[in-house]
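The primary structure of each chain is shown beneath.
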Amino acid sequence: MTKKVFAIDTMPGIQRDGTVFDANCYNDGKWVRFQRGRPRKIAGYRAIVTDAHGYSRGIYVNSVDGFNQVFNGYNNGLEVVVIDNNGIGAGTNQLNLGAPILTLGAITGGSAYTNGTYTAVPLTGGTGSGALATIVVAGNVVSTVTVTTFGTYYQVGDVLSATAASIGGTGSGFSVLIATTNGEFIQSDNNLWQFDSMFDSQGSGNQLLFAHAGQNLAQIDAIVNTSVFAGPISGLNMAPLADTAGTAPTGDLIEVSGGLVVLHPYLFVYGDNGLLKNCTAGNPLNWNGADANETNVSSTKIVKGLPVRGGSNAPSGLFWSLDSLIRVSYAPTTVTVGGNPQTFYWRYDIITSQSSILSSQSVIEYDGIYYWCGVDRFLLYNGVVKEIKNTFNQNYFFDNLNYQQRQKVWAQKVPRFGEIWWFFPSGDSEECNDAVIYNIREDVWYDAGGALGAYRTAGYFSQVFKYPINAGEDLTVQETLFTADIATTNASAVMTMSVNNQIAFGQLIVATGVPTNAYVSTIVANSAATTATGSSSASTIVVASATGILRNQLVIGTGIGTSATVVSIAGTTITLSVANSGAVSGAVSFSGTTVTMSAAATATAIVSANFQSVPDRITLWQHEIGTDEVIFDSASAIESSFQTSDLGWVQGGPAQSSPVGDNYWLHLERIEPDFIMSGEMTFQVTGRTFAQAEDVTSDPYVFDSDTKKIDLREQRRELRLIFTSNVQGGNYQLGKVLLSANVGDVRP
């Protein structure tokens, strides 16, 4: 007969540090969080897009008028995905990170131009606009091009020209290459992005997006200065920011190594040797006004800045250097020096010069308190800098962190559950594959347990859009998905093929006569119906009308051979790919697919094509939604589990926290589940005879929401329970599970 009935009373949190036997908290778990002191499954995630460029090295979300712009910065550029408040969007759009022309390259002079010197000639073509030049035509060819107005949004490698009307009225064939631009975007695997936005109240009147790709991914203390880009947040063009407004503009580019932050209405940039620099109020093009400033407030590089509540000294901000935390406040003060009054607008306070920061991405604000990873501990600022107590997984984090990839550690928050997540690369992984989680509300720590949902390289927390958005780390590779015959036409981007349900937008098309890197841009079904005649064993038929008949269409009708397709069309005579199986007479149908490629074919032919996946693409995920991993119409279960602390008699029993000296095995006879749950779950009994012995784990016991009790006969001297959910739609919240236990064997 059962001697005692206990409730599982393991303390919240997952304790990775120390030994299993010594833990009063849960000692293992995967994709599980804690609420009201009890474990519950972390929610699921859904793909927003699967063709974003990767790896993502920074995400920013701007919400306006029911839509959310998701900006994704990667090694070679910046793109935006626009989604509604349900996370539904229409694909990615690349931003043009252009710049003013600096120098031109080789000239193709053309022919038959009218000799002369032409001024203020608009240059056409390329990605930008606004460039003017003086063009000299000699010997009826363009001989020199001198840029006089440099325009903006141009890219290195752009090919420019000019209309014949602007250079004498005759001639053709002139072009010139852009060799360099002023402040061009540098593509680099070390790019790490920082973003912010601000209303340009003194200039364009636009809401502006600011973006900085610092080459800091490999080294937090890298010293390479790169341009700060700016542009209307609703547009697709951005240009390097420069000091071009105010009473004494220098024209200097705004270039730094650290990053940027907006302390409304000021834009601050920062970098090496404690550099802090800000524009004038409301005008990011004016860096020379009275309230603009440039100073060095630390001996080491500033790597991160965030706005902070400033009270009467607003705006204010916090800035993290490699060894210090600095507070900047707007505090205009006028002093008189030698009879001359001078106004100083900014106050700089060193909060501490004995701090550290592991990663520029590891800082996050939660309800006015700032949390970050130091190089050897977790820290917060709430008016003073303090260490965050962590007896759960501090060793687990710092001992397993791939320190060479420290700059890839990044912070996320989930306010719905009071959590701060730090994603990190563990072991020899070069990308994040786990996360430690501090639950502020519960004051406990746990981790993701290496779950796939923690394989994320960047993200943005929920605000107007209520779901966190995180970037996956699984890069696509270029591989053949299927092979099919296509019919191409020289100089046309339209090709035709048989009906194929595997074809999809964005797939690469690799075939003879198709330009390299051409991809599927549109897909439209086509069909035709008519009457036809033809002889048995012949490879041709004569149709009443050839309207709508295209090469590679599948042909079906009486006497038509199996899988016959259209090879060629000559008037009303149709040549087929296989001979007729009998006499053709009566109705015949034609069906296929018309595909527009991103580039025109270079030959007219029917050829075999490999349709391939595009490499270096990632998935952007909408987290905290549902229970499963969902990619469009496909759902996969997410495994979630937790393991209790030791419940054996030698540990004091299931409801005790200290040994009482009873050297007995715990004989478990019944479990009474108490869960809010959907889908089946399992539990297993595991344990050992001694603290350093091997675990012995039982087979799984299955239960669901209708299960009242599970009778069993399991005994361990040091006993723990493992609960797992791993079915589609599976979810759970632990209640108060009762255990019926008795005394087992006296000696191990």
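Everything here concerns the structure above.
As the structure is a computational prediction, the values presented were derived from the model and not from experiment. (Residues numbered from 1 in each chain as written. Predicted model: local features only at pLDDT ≥ 70, side-chain atom pairs only at ≥ 80, totals over all residues. Heavy atoms only, no water.)

(A) Highlighting the environment of Val-328. With respect to the helices and strands, the residue Val-328 is situated in strand β30 (residues 325-337). Beyond its immediate stretch of four places on either side in the chain, Val-328 contacts Phe-268, Leu-276, Pro-315, Ser-316, Gly-317, Phe-319, Trp-346, Arg-347 and Tyr-348. (Helix = DSSP H or I, 4+ residues; strand = E, 2+ residues; numbered from the N terminus. Contact = heavy atoms within 4.5 Å.)

(B) Looking closely at unusual backbone geometry. Omega for the peptide link from Gly-54 to Tyr-55 comes to -5°, which places this bond in the cis form. For the bond from His-264 to Pro-265, the omega torsion is 5°, close enough to zero to count as cis. With a phi close to 70°, Tyr-153 is a non-glycine residue in the positive phi region. Mapped onto the fold, Tyr-153 is located in the loop between β16 (141-152) and β17 (159-160). Although it is not a glycine, Asp-443 sits at a positive phi angle of roughly 55°. Here Asp-443 is to be found in the loop between β38 (434-439) and β39 (444-447).

(C) Structural context of a nonpolar patch on the surface. On the surface, Val-335, Val-337 and Phe-344 cluster together to form a nonpolar patch covering roughly 240 Å² of accessible area. Along the polypeptide, Val-335 turns up in strand β30. (Patch = residues over 30% accessible without salt bridge, like charges linked within 9 Å, V, L, I, M, F, W, Y side chains within 5 Å. Areas by Shrake-Rupley, 256 points an atom, 1.4 Å probe, with all protein chains shown as cover. Salt bridge = Lys/Arg side-chain N within 4 Å of Asp/Glu carboxyl O.)

(D) Quick look at the sheet that holds strand β15 (residues 129-138). As summarised here, the arrangement of the three strands in space is β14-β15-β16, forming an open sheet in which the pairing is antiparallel. Where the open sheet ends on each side, the last strands, each with one partner, are β14 (116-122) and β16. For this sheet, the mean inter-axis angle between neighbouring strands, taken without regard to orientation, is 15°. Bridge analysis of β15 against β16 gives nine bridges, and the strand direction is antiparallel. Counted as the bridge partner of Ala-131 is Phe-150 from β16. (Pairing = 2+ DSSP bridges. Axes fitted to C-alpha atoms, helices over the stretch in contact; angles between N-to-C directions.)

(E) Expanded view of the side chain of Glu-624. Among the structural elements, Glu-624 can be located in the loop between β52 (617-623) and β53 (629-631). Looking at Glu-624, its side chain comes within polar contact range of the side chain of Arg-33, at 2.8 Å. Excluding residues that lie within four positions of it along the chain, Glu-624 makes contacts with Arg-33, Ile-42, Ala-43, Gly-44, Val-414, Phe-417, Tyr-467 and Pro-468. (Polar contact = N/O pair within 3.5 Å; in protein donor to acceptor, adjacent residues only side chain to side chain.)

(F) Quick peek at the nonpolar core. If you look at the biggest cluster of nonpolar residues, it comprises 70 residues, and the most contacted ones within it are Phe-397, Trp-422, Phe-675 and Leu-721. Filtering out sequence-adjacent residues up to four positions away, Leu-721 remains in contact with Ile-8, Phe-642, Gln-643, Thr-644, Leu-647, Leu-668, Ile-671, Gln-684, Val-685 and Leu-739. Ala-52, Tyr-60, Leu-97 and Leu-209 belong to the second-largest nonpolar core, a separate cluster that totals 32 residues. (Core = buried A, V, L, I, M, F, W, Y, C linked by side-chain atoms within 4.5 Å. Buried < 20%, exposed > 50% of the residue type's maximum accessible area, 1.4 Å probe, protein only.)

(G) Main features of the packing of aromatic side chains. The final tally for this structure, using the stated rule, is 43 aromatic pairs. With a centroid separation of 5.7 Å and 70° between ring planes, the pair formed by Trp-31 and Trp-421 is classed as edge-to-face. One end of the pair, Trp-31, is in the loop between β4 (28-30) and β5 (32-35); the other, Trp-421, is in strand β37 (residues 419-424), and 390 residues separate them in sequence. As far as the burial class goes, Trp-31 and Trp-421 line up, both buried. Every member of this aromatic cluster is reached through a ring pair, and the members are Tyr-26, Phe-34, Tyr-446, Phe-642, Phe-675, Phe-683, Tyr-701, Phe-703, Phe-723 and Tyr-732. Directly above the aromatic system of Phe-417 lies the positively charged group of Arg-33, at a separation of 4.0 Å from the ring centroid. A cation sits over an aromatic face here: Lys-413 above Phe-461, 4.4 Å from the ring centre. (Phe/Tyr/Trp six-rings, centres within 6.5 Å; stacked < 30°, edge-to-face > 60°. Lys NZ or Arg CZ within 6 Å of the ring centre and 35° of its normal.)

(H) Region of interest: the state of the cysteines. Across all of its chains, the model carries zero disulfides by this definition. With no disulfide of its own, Cys-432 has Cys-373 as its nearest cysteine by sulfur position, at a separation of 11 Å. (Disulfide = S-S within 2.5 Å.)

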